[in-house]
Amino acid sequence: MEQNKPKFRLRLNLFDALVLVAVLAVGAFLLWNALKPQAPVEVMPTTTSVVRYTIRFEHWPEGNSGLVQPGDLLTDSIKNLEVGRVTAVETAPNKLQVTDHANRRHVLAVMEDFEDVIVEVEAPCTANEESITVGGGYVLRVGAMVYVRGEGYMGSGPIVAIEVEGAQ
């Protein structure tokens with residue numbers, strides 16, 4: 001007696017066909033992506049030199065500028081990276097923009113009992129066409145706010161000037 005074995009028949013509906021096509025497309029893309037040759041990576045030339053930059057610590061109580069001394073080591077308060085040594089310290093009157101309602105304009109007014117501390121910092125850096133990096137990863141940009149600490153003080157303010165020595 002013969003056994004009746006039904007023949008194998010693959011019956012796919014529309015949804016099954018769409019899922020199968022999507023899986024095959026993803027597999028083909030992954031295989032193509034793995035086997036394609038790698039594009040050459042262009043490396044920017046870097047130079048090691050010394051950078052001098054100026055930070056303006058704003059709105060400090062008058063007389064506290066004596067805490068910042070030349071030779072102090074500055075460290076970034078957020079990333080805990082060394083950002084250089086203080087080479088010079090100056091003070092300037094703290095000015096704030098206020099509205100003169102009588103004349104309908106904005107003017108700079110000197111804030112009594114406060115001063116700005118202008119700190120010049122020097123640090124070794126790596127520089128390329130895109131960025132200047134100090135402390136193994138801290139990128140310097142003019143206008144960027146920095147949050148640093150020294151021995152016995154913390155300050156924040158914008159970088160107002162950058163000068164790279166030995167740059168080509």
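Throughout what follows, the structure given in this document is the object of discussion.

Analysis parameters
- Residues numbered from 1 in each chain as written.
- Predicted model: local features only at pLDDT ≥ 70, side-chain atom pairs only at ≥ 80, totals over all residues.
- Heavy atoms only, no water.
- Helix = DSSP H or I, 4+ residues; strand = E, 2+ residues; numbered from the N terminus.
- Rg over C-alpha atoms; globule rule 2.2 N^0.38 Å.
- Contact = heavy atoms within 4.5 Å.
- Areas by Shrake-Rupley, 256 points an atom, 1.4 Å probe, with all protein chains shown as cover.
- Lys, Arg positive; Asp, Glu negative; His and termini not counted.
- Charge placed at Lys NZ, Arg CZ, Asp CG, Glu CD.
- Buried < 20%, exposed > 50% of the residue type's maximum accessible area, 1.4 Å probe, protein only.
- Salt bridge = Lys/Arg side-chain N within 4 Å of Asp/Glu carboxyl O.
- Pairing = 2+ DSSP bridges.

**Digging into the overall build of the protein chain**
Here comes step 1: Scanning the protein chain from terminus to terminus reveals one helix and eight strands.
Here comes step 2: Reading the secondary structure of the protein chain in the N-to-C direction produces α-β-β-β-β-β-β-β-β.
Here comes step 3: Relative to its length of 168 residues, the protein chain is extended, with a C-alpha radius of gyration of 31 Å against a globular reference of 15 Å.
Here comes step 4: Expressed along its principal axes, the backbone C-alpha trace of the protein chain runs to roughly 110 × 50 × 30 Å.
Here comes step 5: In the protein chain, of all internal contacts separated by at least 6 residues, the share reaching a separation of at least 24 is 66%.
Here comes step 6: A total of about 12500 Å² of accessible surface is found on the protein chain, and carbon and sulfur atoms cover 56% of it.
Here comes step 7: Of the side-chain charges in the protein chain, 14 are positive and 21 negative, and the distance between the mean point of each set is 21 Å.

**Structural notes on unusual backbone geometry**
Here comes step 1: Positioned with a positive phi, His59 is a non-glycine residue whose angle comes to about 65°.
Here comes step 2: Position of His59 among the secondary structure elements: in strand E1 (residues 47-61).
Here comes step 3: Of the residues examined, His59 reaches a relative accessible area of 41% and is grouped as partly exposed.
Here comes step 4: Of note, Arg104 is a non-glycine position whose phi angle comes to about 55°, a positive value.
Here comes step 5: Its place among the elements puts Arg104 in the loop between strand E3 (82-100) and strand E4 (105-127).

**Here's the deal with the pattern of salt bridges**
Here comes step 1: Counted under the stated rule, the structure contains four salt bridges.
Here comes step 2: Put simply, Glu122 and Arg52 hold a salt bridge, and the shortest N to O gap is 2.6 Å. Of the two residues, Glu122 sits in strand E4 while Arg52 sits in strand E1, which places them 70 residues apart along the sequence.
Here comes step 3: Looking at Arg52, the relative accessible area reads 32%, which means it is partly exposed.
Here comes step 4: Measuring nitrogen to oxygen at the nearest pair gives 2.9 Å for the salt bridge that ties Arg56 to Asp116. You can see Arg56 sitting in strand E1 and its partner Asp116 sitting in strand E4, a full 60 residues away along the chain.
Here comes step 5: Assessed through its relative accessible area of 4%, Asp116 is described here as buried.
Here comes step 6: The structure contains a network of salt bridges with shared partners spanning Arg52, Glu122 and Glu165.

**Topic: the pairing of E3**
Here comes step 1: Note: strand E2 (residues 73-76) against E3, three bridges, orientation antiparallel. Looking at E3, one finds that Thr75 is bridged to Glu82.
Here comes step 2: What sits between the antiparallel neighbours E2 and E3 is a turn of five residues, in which Asn80 has the positive phi angle 60°.
Here comes step 3: Taken together, the 14 bridges between E3 and E4 define a ladder with antiparallel strand orientation. Following the sheet pairing, Val89 is matched in E4 by Val119.
Here comes step 4: Counting the residues in the hairpin turn of E3 and E4 gives four residues, including Arg104, whose phi is positive at 55°.

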